Amino acid sequence: EAEVAQSPRYKITEKSQAVAFWCDPISGHATLYWYRQILGQGPELLVQFQDESVVDDSQLPKDRFSAERLKGVDSTLKIQPAELGDSAMYLCASSSVLGRGTGELFFGEGSRLTVL
Amino acid sequence: DQQVKQNSPSLSVQEGRISILNCDYTNSMFDYFLWYKKYPAEGPTFLISISSIKDKNEDGRFTVFLNKSAKHLSLHIVPSQPGDSAVYFCAASDNAGNMLTFGGGTRLMVKP
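Residues numbered from 1 in each chain as written. Chains lettered and ligands numbered in written order. Predicted model: local features only at pLDDT ≥ 70, side-chain atom pairs only at ≥ 80, totals over all residues. Heavy atoms only, no water.

Enquirer: Could you give an account of the sheet that holds strand E1 (residues 4–5) of chain B, with specific residues and numbers?
Expert: Residue and element names in this part refer to chain B. Read from one edge of the open sheet, five strands run E1-E3-E8-E7-E6, paired in antiparallel fashion. Strands with a single pairing partner mark the edges of an open sheet, and in this sheet they are E1 and strand E6 (56–59). Strand direction decides the pairing type here: E6 and strand E7 (residues 62–67), joined by four bridges, are antiparallel. Counterpart to asparagine 57 in the pairing with E7 is valine 64. (Pairing = 2+ DSSP bridges. Helix = DSSP H or I, 4+ residues; strand = E, 2+ residues; numbered from the N terminus.)

Written out as structure tokens, the structure reads:
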């Protein structure tokens, strides 16, 4: 069964260090999302790509976060420098359509970040 | 400003009984609503959805009800099973695209 792949599953780092997360969406899915989920809260959208283009990054803290999807397939989310408040689960999701569609997103298992 | 709210952080139900999870929203532009289920250490998985042109959608043991005038939706699970124990997220999107706004989640515990 096709799935969204994410790595690493877990990352522990010290504040001020750089971290990077990788996501490989379901094959053929043009739309890719990065969400952040803080414990006890719902996922919050950080950035949305359509192919290699950013559709929405209004909630991405651009002073320390960056995201790219150079070839319109897999994507990398980077944090530099990491802060204590960045500790969260980083979820990648993909969907086959942009626009009305079904709105159904397929999520990966997430990358749990702990900043010490 | 939370546009999608799940006011009950947790719910405990006896196996075989009905589970009712509630969700409220404030953005009148939302016209498509989804429920996701999340087990620990896994990503959310899609459960059921409803368009604003409907007030009910049923899929097996799961039924979602939408009350547009009250900006309220609910997920009914009947009968509840221990395997239903998970965190349930309500999500909504507007007619401009499929970006989802999530609620904070409700942890459902179904006791055998």
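Moving on from the coordinates now.
Enquirer: Can you lay out the nonpolar core for me, pointing to particular residues and giving the numbers?
Expert: By size, the foremost hydrophobic cluster in this structure holds 23 residues, and its most contacted members are Phe33, Trp35, Leu73, Leu75 and Tyr88 of chain B. Within the residue set of this core, elements represented by two or more residues are strand E3 (19–25), strand E4 (30–38), strand E5 (45–51), E7, strand E8 (72–77), strand E9 (86–94) and strand E11 (106–111) of chain B. Sort the elements by how many residues they give to this core and E9 of chain B lands first, with four residues. Counting 20 residues, the second largest nonpolar core, distinct from the first, contains Val4, Leu32, Ile79 and Ala82 of chain A. (Core = buried A, V, L, I, M, F, W, Y, C linked by side-chain atoms within 4.5 Å. Buried < 20%, exposed > 50% of the residue type's maximum accessible area, 1.4 Å probe, protein only.)

Enquirer: Got a sec to walk through unusual backbone geometry? Specific residues and values, please.
Expert: Between glutamine 80 of chain A and the following residue, proline 81 of chain A, the backbone shows a cis peptide bond with an omega angle of -5 degrees. Looking at the element boundaries, proline 81 of chain A is found in the loop between strand E8 (75–79) and strand E9 (88–95). Positive phi values are uncommon outside glycine, yet aspartate 51 of chain A reaches one of about 55 degrees. With respect to the helices and strands, the residue aspartate 51 of chain A is situated in the loop between strand E5 (44–50) and strand E6 (53–56). Despite not being glycine, lysine 71 of chain B has its phi angle at roughly 50 degrees, a positive value.

Enquirer: Residues and numbers for the packing of aromatic side chains, please.
Expert: Summed over all chains, the structure comprises twelve aromatic pairs over all chains. Ring centres of tyrosine 35 of chain A and phenylalanine 102 of chain B lie 5.4 Å apart, and the angle between their planes is 90 degrees; on these two criteria the pair is classed as edge-to-face. On the criterion of chain membership, the pair formed by tyrosine 35 of chain A in strand E4 (residues 31–37) and phenylalanine 102 of chain B in strand E10 (residues 101–102) is interchain, its members lying in two chains. Neither tyrosine 35 of chain A nor phenylalanine 102 of chain B differs from the other in exposure class; each is buried. An angle of 55 degrees between the planes, with centres 5.7 Å apart, marks the rings of tyrosine 36 of chain B and phenylalanine 102 of chain B as tilted. Here the residue tyrosine 36 of chain B occupies a position in strand E4, and phenylalanine 102 of chain B occupies one in strand E10, the gap between them amounting to 66 residues. For phenylalanine 102 of chain B, a relative accessible area of 7% puts it in the buried group. (Phe/Tyr/Trp six-rings, centres within 6.5 Å; stacked < 30°, edge-to-face > 60°.)

Enquirer: How would you explain the pairing of E5 of chain A if you had to name every residue and give the values?
Expert: Residue and element names in this part refer to chain A. Across the seven residues of E5, five count as buried, placing the element largely inside the fold. Here six bridges tie E4 to E5, and the two strands are oriented antiparallel to one another. By the bridge assignment, leucine 32 is partnered in E5 with phenylalanine 49. The hairpin formed by E4 and E5 contains six residues between the paired strands, and glycine 40 there has a positive phi angle of roughly 85 degrees. The sheet contact formed by E5 and E6 spans three bridges and is antiparallel. Looking across to E6, one finds that phenylalanine 49 is bridged to valine 54. Connecting E5 to the antiparallel partner E6 that follows it, the hairpin turn spans two residues, and aspartate 51 within it adopts a positive phi of roughly 55 degrees.

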